[in-house]
Amino acid sequence: MRLGWEAGSRSVRLSRLAGGAAVYHHSGVQPEFPQGCRSVITMYDLSALENPEWHTEETTAFASAEADLIRAGSSVMAISNWTGRKVKDYFGLPEDRLYSAGGA
C-alpha cells in the first residue's frame, strides 16, 4: 500500500487541475496549493488565535493551520476593513498581501 501518496502528491495534482491558474483561494484545511500559484485565504476573524479558550480544539487547529499559511506567504482576503487591520497588526502582514472585501 502507498501510505501518504495522496498528501505527498497533492500540490502536483492540484497544479494539473488548476491548469496554470495564477491564484488559488483556499483555507487551512487545504495547506497545499498548485505550484506557481499565489495562495489566498479568507480571514473572518482572529478570535480562535487570540482567545483559543473560547473555541473547540477543531476550531483552534483550523485557525492555526490558516496562521501557518499566512506565515508561509499566503495573502489574506479579510471580510472587513476591521478584520484586515487586525490581521495586519497580528501578523505584521505587508499591504501587498492583504485585501479587504470592505474596501480600502
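I will try to describe carefully the structure that is included in this document. The residue count restarts for each chain, going from 1 along the sequence in the order it is written. Given that the model is predicted, a residue must reach a pLDDT of at least 70 before its local features are reported, and side-chain atom pairs must reach 80 or more before they are shown or counted; all residues, however, enter totals for whole chains, interfaces and linings. Just so you know, side-chain values use all the structure's heavy atoms and leave hydrogens and water out.

### A look at helix α4 (residues 81-91)
Then, number 1: Within the sequence span of α4, burial applies to Thr83, Gly84, Val87 and Phe91. Projection of α4 onto a plane perpendicular to its axis shows the buried side chains occupying an angular sector of 105°, all on one side. The exposed residues of α4 that point more than 90 degrees off its buried face are Trp82 and Asp89.
Then, number 2: We call two residues in contact whenever any of their non-hydrogen atoms come within 4.5 Å of each other. Helix and strand assignments come from DSSP, with helices taken as H or I runs of at least 4 residues and strands as E runs of at least 2, each series counted from the N terminus. On its buried side, α4 packs onto β2 (38-43), α2 (47-50), α3 (57-71), β3 (75-78) and β4 (98-100). For every residue, the accessible area obtained with a 1.4 Å probe (protein chains only) is divided by the maximum for its type, and the residue is called buried under 20%, exposed over 50%, and partly exposed between those limits. By definition, the arc is the one covered by directions from the helix axis to the C-beta atoms.

### Comments concerning the environment of Thr83
Then, number 1: Its location among the elements puts Thr83 in helix α4.
Then, number 2: Along the chain, Thr83 and Ala101 lie 18 residues apart, while their C-alpha atoms are 9.9 Å from each other.

### Some details on the packing of aromatic side chains
Then, number 1: Pairing of aromatic rings covers Phe, Tyr and Trp, the last through its six-membered ring, and needs centres within 6.5 Å; plane angles under 30 degrees mean stacked, over 60 mean edge-to-face, and all others mean tilted. Taken as a whole and assessed by the stated rule, the structure comprises one aromatic pair.
Then, number 2: Taking 4.9 Å as the distance between ring centres and 70° as the angle between the ring planes, the aromatic pair formed by Tyr90 and Phe91 counts as edge-to-face.

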